[in-house]
Amino acid sequence: MENNVLKAFNDLNKQIKKKHISTLYGNITYEGTETLIEQFKEYFNEDTVFYDLGCGVGHMPIHISVATDAKKCVGIEMVKERYELGVKHYHTVPENRAQLINGDMFMYNWDDATVIYIDNTVMTLELMNKFWKKVPKGCLVIMCKAYRDAERLRGSQLKRSYSSQSCSFIIK
């Protein structure tokens, strides 16, 4: 199971480089996703509804759908080429239960979310405020740049293709 996900990660990363697909903020690595699952294991169970907003080629929602008992895993990506590459490639992970969506995250209903990951590194305060208004009460939000009273992850860093920094988290 894990070998299929890791192989898909590596193959997709090669395709992204080969096709020179635009990347605004990179992507989380296989190891970074494993760290996230471990750090927040009490949040990943059969009641979990996970959203990756700005999911790129879908690394994280696919990985979480295979590695946890999450009820639902959804990735929303605005860049069509990245979305299409993810959809095309992830049929190679037979255990995959994730759904990938191409579009603007603000145009979709994610009020059932219990856990959200968002790489907000380049997001403006205005955009973060708009995002925060949509976050359902009680939802765990894991983000790359601190917002409001978010706490920094202690003791581990989430490896991403462009950095290995600790992320922040907050429960609304």
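Each value, and the rule that gives it
- Throughout this description, residue numbers start from 1 for each chain and increase along the sequence as written.
- This being a predicted model, a pLDDT of at least 70 is required before a residue's local features are given, and a value of 80 or more before pairs of side-chain atoms are given or counted; all residues contribute to the totals for chains, interfaces and linings.
- To obtain the side-chain values, all non-hydrogen atoms of the structure were used and water was disregarded.
- Per the convention used, a helix needs a DSSP run of H or I reaching at least four residues, while a strand needs a run of E reaching at least two, with both numbered from the N terminus.
- In what follows, residue pairs with any heavy atoms lying within 4.5 Å of each other are defined as contacts.
- The Shrake-Rupley method, run with a 1.4 Å probe sphere, supplies the accessible areas, and residue values consider only the shown protein chains as cover.
- As used in this record, nonpolar core signifies buried Ala, Val, Leu, Ile, Met, Phe, Trp, Tyr and Cys residues forming a set joined through side-chain atoms within 4.5 Å.
- Between buried and exposed lies partly exposed: a residue is buried under 20% and exposed over 50% of the maximum accessible area for its type, with that area taken using a 1.4 Å probe on protein chains only.
- When we speak of the arc, we mean the arc of directions from the helix axis to the C-beta atoms.
- A pair of Phe, Tyr and Trp rings is counted when the ring centres sit within 6.5 Å of each other, with Trp represented by its six-membered ring. The angle between the planes then sorts it: under 30 degrees is stacked, over 60 is edge-to-face, the rest tilted.
- Here, a charge over a ring means that NZ of Lys or CZ of Arg falls within 6 Å of the ring centre while also lying within 35 degrees of the ring normal.
- In the analysis that follows, any N or O atom pair within 3.5 Å is treated as a polar contact, provided that within protein one partner can donate a hydrogen and the other can accept it, and provided that, for residues neighboring in sequence, both atoms belong to side chains.
- Residue-level confidence of the predictor is summarised by pLDDT, bounded by 0 at the bottom and 100 at the top.

Describe the overall build of the chain, listing the residues and the values that go with them.
Looking only at helices and strands, the chain has five helices and nine strands in total. Along the chain, helices (α) and strands (β) appear in the sequence α-α-β-α-β-α-β-β-α-β-β-β-β-β when read from the amino end. Counting contacts in the chain only where the partners sit at least 6 residues apart, residues at least 24 apart contribute 68% of the total. As presented, the chain carries roughly 8800 Å² of accessible surface, and 51% of it is formed by carbon and sulfur atoms.

How would you explain the nonpolar core if you had to name every residue and give the values?
General note: in soluble globular proteins, nonpolar side chains tend to be found buried as a group. Counting 23 residues, the largest nonpolar core has Y51, L53, W110, I116, F131 and V141 as its most contacted members. For this core, the secondary-structure elements that each account for two or more residues are strand 1 (49–53), strand 2 (72–77), strand 4 (115–118), helix 5 (125–134) and strand 5 (140–143). M60, V93, Y117 and F169 belong to the second-largest nonpolar core, a separate cluster that totals 22 residues.

Could you give an account of helix 2 (residues 30–39), naming the residues involved and the relevant values?
Buried within helix 2 we find Y30, G32, T33, L36 and I37. Buried residues along helix 2 cover an arc of 160° about the axis, so they all sit on one side.

Please set out the packing of aromatic side chains residue by residue, giving values where relevant.
By the definition in use, this model includes four aromatic pairs. Taken together, a centroid distance of 6.0 Å and an interplanar angle of 50° make the contact between F44 and F50 tilted. Here the two residues F44 and F50 agree in accessibility, since each one is buried. One cation-aromatic arrangement involves K130 over F106; the distance from NZ or CZ to the ring centre is 4.4 Å. Over the ring of W132 we find K172; its NZ or CZ atom is 5.3 Å from the centre of that ring.

Can you lay out the side chain of S65 for me, pointing to particular residues and giving the numbers?
On the secondary structure map, S65 appears in helix 3 (residues 59–67). You can call S65 buried: its relative accessible area is 2%. Polar side-chain contacts of S65 include one of 2.8 Å to the backbone oxygen of I62. Excluding residues within four positions of it along the chain, S65 makes contact with C73, N96, R97 and A98.

Lay out the confidence of the model for the chain with the relevant residues and their values.
Chain-level pLDDT for the chain is 82 on average; 74% of the residues reach the 70-or-more range. When mean pLDDT is taken per element in the chain, strand 1 scores highest with 97 and strand 8 (residues 163–165) scores lowest with 58.

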